[in-house]
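Residue strings, one per chain:
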Amino acid sequence: MRLGVLDIGSNTVHLLLVDAHPGARPVPFASHKRPLSLVQYLDGDGNITDAGQHELTEFVLEAWEFAARHRADDLLAFCTSAIREATNGPAVLARVKHETTVTLQELTGSEEASMTFFAVRRWYGWGAGPILNLDIGGGSFEMASGQDELPELATSVPLGASRLTRDWLHEDPPSAKSVKELRRYIRATLKPAVRSFDAIGRANLVAGTSKTFRSLARIAGAAPSAAGPYVKRELNATDLGIWAQRISAMKTEDRLHLPGVSEARANQLLAGALVAEAALELFEFKKVKICPWALREGLILRRLDQLVFDGPLEPAPHVGAQQSDAAQQSDAAQHAATLPVI
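Residues numbered from 1 in each chain as written. Predicted model: local features only at pLDDT ≥ 70, side-chain atom pairs only at ≥ 80, totals over all residues. Heavy atoms only, no water.

### Here we look at the confidence of the model for the protein chain
Part 1 of the argument: On average, residues of the protein chain carry a pLDDT of 89, and 90% of them reach 70 or more.
Part 2 of the argument: Contacts from residues 315-342, a stretch scored under 50 in pLDDT, to residues over four places away or in other chains number 68 contacts. (pLDDT = per-residue confidence, 0-100. Contact = heavy atoms within 4.5 Å.)

### Regarding the packing of aromatic side chains
To describe a pair of aromatic rings, one takes the distance between the centres and the angle between the planes.
Part 1 of the argument: If you walk through the whole model with that rule in mind, you get four aromatic pairs.
Part 2 of the argument: With 5.8 Å between their ring centres and 10° between their planes, Trp-123 and Tyr-230 make a pair best called stacked. One end of the pair, Trp-123, is in helix 4 (residues 109-124); the other, Tyr-230, is in the loop between helix 7 (211-219) and strand 10 (234-236), with 107 residues separating them in the sequence.
Part 3 of the argument: Here Trp-123 falls in the partly exposed class, since its relative accessible area comes to 23%.
Part 4 of the argument: A relative accessible area of 56% places Tyr-230 in the exposed class.
Part 5 of the argument: Of the aromatic side chains, those joined through ring pairs into one cluster are Trp-123, Tyr-230 and Trp-293.
Part 6 of the argument: The ring of Phe-29 has Arg-2 lying over it, and the distance from NZ or CZ to the ring centre is 3.5 Å.
Part 7 of the argument: Over the aromatic face of Phe-285 sits the side chain of Arg-202, whose NZ or CZ is 3.8 Å from the ring centroid. (Phe/Tyr/Trp six-rings, centres within 6.5 Å; stacked < 30°, edge-to-face > 60°. Helix = DSSP H or I, 4+ residues; strand = E, 2+ residues; numbered from the N terminus. Buried < 20%, exposed > 50% of the residue type's maximum accessible area, 1.4 Å probe, protein only. Lys NZ or Arg CZ within 6 Å of the ring centre and 35° of its normal.)

### Section: the sheet that holds strand 4 (residues 74-79)
Part 1 of the argument: Across the sheet, which stays open at both edges, the five strands sit in the order 3-2-1-4-5 with mixed pairing between neighbours. Looking along the sheet, the strands with just one partner apiece sit at the ends: strand 3 (27-35) and strand 5 (105-106).
Part 2 of the argument: One ladder, built from eight bridges, connects strand 2 (residues 12-19) with strand 3; its direction is antiparallel. Across the sheet, Val-13 pairs through a bridge with Arg-34, a residue of strand 3.
Part 3 of the argument: The sheet contacts of helix 1 (residues 50-69) involve strand 1 (2-8), strand 2 and strand 3, and relative to strand 3 the element is tilted by about 160°. (Pairing = 2+ DSSP bridges. Axes fitted to C-alpha atoms, helices over the stretch in contact; angles between N-to-C directions.)

### Here's the deal with the pattern of salt bridges
Part 1 of the argument: The full count for this structure, using the stated rule, is 17 salt bridges.
Part 2 of the argument: A salt bridge links Arg-34 to Glu-62; the nearest nitrogen and oxygen atoms lie 2.5 Å apart. Of this pair, Arg-34 sits in strand 3 while Glu-62 sits in helix 1, placing them 28 residues apart in sequence.
Part 3 of the argument: Between Arg-122 and Glu-149 there is a salt bridge, with its nearest N and O atoms 2.6 Å apart. One end of the pair, Arg-122, is in helix 4; the other, Glu-149, is in the loop between strand 7 (141-146) and strand 8 (153-157), with 27 residues separating them in the sequence.
Part 4 of the argument: Residue Glu-149 is classed as partly exposed on the basis of its relative accessible area, which comes to 25%.
Part 5 of the argument: Here the salt bridges do not stand alone but share partners, grouping Arg-34, Glu-55, Glu-58 and Glu-62 into one network. (Salt bridge = Lys/Arg side-chain N within 4 Å of Asp/Glu carboxyl O.)

### Section: helix 8 (residues 237-248)
Part 1 of the argument: Here helix 8 spans 16 Å end to end across 12 residues, near enough to the 16 Å set by a 1.5 Å rise per residue.
Part 2 of the argument: Within helix 8, the full set of buried residues consists of Leu-240, Ala-244, Ile-247 and Ser-248. The arc that holds every buried residue of helix 8, seen down its axis, measures 95°, which confines them to one face.
Part 3 of the argument: Buried-residue contacts for helix 8 involve helix 6 (176-195), helix 7, strand 10, helix 9 (252-255) and helix 10 (269-283). (Expected span 1.5 Å × (residues − 1). Arc of directions from axis to C-beta.)

### Focus on the sheet that holds strand 10
Part 1 of the argument: What the six strands build is an open sheet, ordered 8-7-6-9-11-10; its pairing is mixed. The open sheet terminates on both sides in strands that have one partner only, identified here as strand 8 and strand 10. Each neighbouring strand pair of the sheet contributes to a mean axis angle of 25°, computed without reference to strand direction.
Part 2 of the argument: Pairing geometry for strand 6 (residues 131-136) and strand 7, over six bridges, is antiparallel. Note on strand 7: the bridge partner recorded for Leu-134 is Met-143.
Part 3 of the argument: This element, helix 10, spans strand 6, strand 7, strand 9 (205-209) and strand 11 (287-290) of the sheet and lies at about 160° to strand 6.

### Some points on the nonpolar core
Part 1 of the argument: Ranked by size, the top nonpolar core spans 46 residues in total, and within it Leu-134, Phe-141, Met-143, Ile-186 and Leu-190 carry the most contacts.
Part 2 of the argument: Secondary structure elements with two or more residues in this core: strand 6, strand 7, helix 5 (161-168), helix 6, helix 7, helix 8, helix 10 and strand 11.
Part 3 of the argument: Of all the elements, helix 10 adds the most residues to this core, at 11 residues.
Part 4 of the argument: Apart from residues no more than four positions distant in its own chain, Met-143 is found in contact with Ala-113, Asn-133, Leu-134, Leu-153, Ala-154, Thr-155, Val-157, Leu-190, Ala-193, Phe-197 and Phe-283. (Core = buried A, V, L, I, M, F, W, Y, C linked by side-chain atoms within 4.5 Å.)

In structure tokens, the structure reads:
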């Protein structure tokens with residue numbers, strides 16, 4: 001069975017296709033993505049502009065056709081904080097559905113944190129004991145902890161790397177004053193959230209998901225992505241602090257020379273480093289393990305678990321009824337744009 005996950009994030013829009021069946025490890029088949037920072041398309045009132053909406057609907061159509069062309073059996077389509085927190089979020093979702101027929105399911109911050117934790121638990125297994133997972137997105141920062149498959153506590157705070165860069169770091173390189181003020185804001189926002197985790201006890205393992213953690217670990221000496229997902233990667237708090245200081249003095253164009261840093265994320269690398277640094281300090285951990293699975297994998301695994309109880313997928317008319325001629329000629333499989341119940 002081939003499943004697709006369409007992820008409308010704050011930094012990128014990404015379709016991942018995997019081959020999987022209940023009880024098996026999902027194997028990536030193909031992906032289609034585009035840098036699209038919806039946070040940068042917000043106007044003064046917090047609305048996603050018409051230009052941003054056009055870019056979004058255009059990609060959703062591309063993803064829809066890509067999934068059909070590669071014979072996807074099912075498509076899970078979801079969006080996170082960029083649309084969730086936009087003033088005109090409901091109108092944007094309605095426009096996407098009208099122009100593409102794809103329904104984007106809006107995840108809450110706690111649902112996003114929970115599904116990411118679910119993937120991390122499956123990756124590390126029961127032997128890891130209680131896990132704390134940290135995920136730095138473009139618009140928000142998710143934290144979840146627990147000893148079961150789903151977390152005992154999952155929360156989200158508005159400390160995404162793209163959001164913080166837009167709101168606090170206006171110079172290139174940023175001034176020492178702006179960095180200091182941002183550090184203060186991050187800690188003030190994080191402290192009450194971190195304190196809420198005290199009641200569930202200390203984790204055995206701290207995992208970091210998201211491109212931000214992977215990039216920071218790579219800069220600090222972790223193996224490149226080409227080495228494969230099974231290579232152990234860690235990010236030490238000491239190294240993180242050193243690199244946060246170095247990055248704060250670098251221009252965006254200079255950050256591009258660092259290993260693992262893409263053009264789309266170079267400008268927000270410092271904000272992500274400051275959030276990661278503050279989180280490890282407040283949770284009092286000296287290192288974080290980099291987990292290759294995150295939200296997309298969590299949703300796929302949850303969907304596969306449902307199939308154990310619900311049975312095989314029925315062919316979905318959603319896409320098949322409106323396929324393009326090219327897709328029909330390729331006899332693309334039909335697929336549905338619905339999320340599993342979370």
